[in-house]
Amino acid sequence: MTLTQSSPVSTDGVDVCAAPPRGHPRPDGEDRYTISEVVVFTGLTAHTLRWYERIGLMPHVDRSHTGQRRFSNQDLDWLAFVGKLRLTGMPVADMVRYAELIRVGEETFEERQELLERTRRDVQNRIAELQDTVAVLDHKISFYADARWASERA
């Protein structure tokens, strides 16, 4: 069993996890990746992947008959989504909670939506703060460019 999740919708209105896979190394059905392959594909470390599994962020990764982890395209999609959540600054505990809610089922849609909406508000607030910061930097850059131009003319 691998996770399925509600995922963000792109600007063209397509659910990115419902859309055809982008750039999966192997087609569905032939998508059994070792942990070292997933490290290459995702840029995550093997330690991080094992940790995700241990804390419940990747609660069930298939195993080979020898016990070796075997990841699927769906797992790669989930890891890409978790990467986006990490970029939002979402705490790991909230990511784990989101994964738990997914495992519970459809009756958690409202709670999942609230969690994502709260995260979205946080991101929008940070974007506004960063835009204000860029405006301050632009002002300072302009000041120094003008001062340098004035000193070169003198």
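Worth saying up front: this structure is predicted, and the values here are computed from it rather than measured.

How each quantity is defined
- Throughout, residues of each chain are indexed from 1 in the direction in which the sequence is written.
- Residues qualify for local features only when their pLDDT is at least 70, as the model is predicted, and side-chain atom pairs are given and counted only at 80 or more; totals for whole chains, interfaces and linings, by contrast, use all residues.
- The basis for every side-chain value is the complete set of non-hydrogen atoms in the structure, without hydrogens or water.
- Lines fitted to C-alpha atoms define the axes here, with helix axes fitted over just the stretch in contact, and angles between the N-to-C directions of these axes take values from 0 to 180 degrees.
- Here a helix means four or more residues in a row that DSSP labels H or I, a strand means two or more in a row labelled E, and each is numbered from the N terminus.
- Each angle gets one of four labels, with under 35 degrees taken as roughly parallel, over 145 as roughly antiparallel, 65 to 115 as roughly perpendicular, and the rest as oblique.
- By convention the crossing between two helices is left-handed if the near helix lies anticlockwise of the far one by an angle smaller than a right angle, and right-handed if it lies clockwise.
- Contacts were defined at the residue level, with two residues in contact if any of their heavy atoms lie within 4.5 Å.
- For this classification, Asp, Glu, Lys and Arg are treated as charged, while Ala, Val, Leu, Ile, Met, Phe, Trp, Tyr, Cys and Pro are nonpolar and the rest, including Gly, are polar.
- N or O atoms closer than or at 3.5 Å make up a polar contact, with two conditions inside protein: a donor-capable atom paired with an acceptor-capable one, and, for residues adjacent in sequence, both atoms drawn from side chains.
- We define a nonpolar core as any set of buried Ala, Val, Leu, Ile, Met, Phe, Trp, Tyr and Cys residues linked to one another through side-chain atoms lying within 4.5 Å.
- Exposure is judged per residue with a 1.4 Å probe applied to protein chains only, and the accessible area is read against the type maximum: over 50% gives exposed, under 20% gives buried, and values in between give partly exposed.
- Every residue gets a pLDDT, meaning the predictor's confidence in that residue, from 0 to 100.

Chemist: Summarise the packing of helix α4 (residues 92–104) against helix α5 (residues 109–153); cite the residues concerned and give the values.
Modeler: Put simply, α4 and α5 touch, their axes get as near as 10 Å, and they point 155° apart. In terms of orientation, α4 lies roughly antiparallel with respect to α5. Viewed along their axes, α4 and α5 form a crossing whose handedness is left-handed. Residues Asp94, Arg97, Tyr98, Leu101 and Ile102 of α4 form the contact with α5, whose own contacting residues are Glu111, Arg112, Leu115, Leu116 and Arg118. Taken together, the residues of the contact of α4 with α5 sort by class into five nonpolar, no polar and five charged.

Chemist: Give a description of the side chain of serine 64 that names residues and reports values.
Modeler: In this fold, serine 64 is placed in the loop between β1 (62–63) and β2 (69–70). A polar atom in the side chain of serine 64 sits 2.9 Å from the side chain of threonine 66.

Chemist: So, the nonpolar core: which residues are in play, and what are the values?
Modeler: Membership of the largest hydrophobic core comes to 23 residues, with the highest contact counts inside it found for Val38, Tyr52, Leu57, Met58, Phe71, Trp78 and Leu79. When contributions to this core are tallied by element, the ones reaching two or more residues are α1 (35–42), α2 (46–55), α3 (73–88) and α4. At six residues, α3 tops the list of elements feeding residues into this core.

Chemist: Kindly report on the confidence of the model for the chain, identifying the contributing residues and their values.
Modeler: Predicted confidence across the chain gives a mean pLDDT of 87, with 86% of residues reaching 70 or more. Low confidence marks residues 1–14, where pLDDT is under 50. Its contacts with residues over four positions away, or in another chain, come to 38 contacts.

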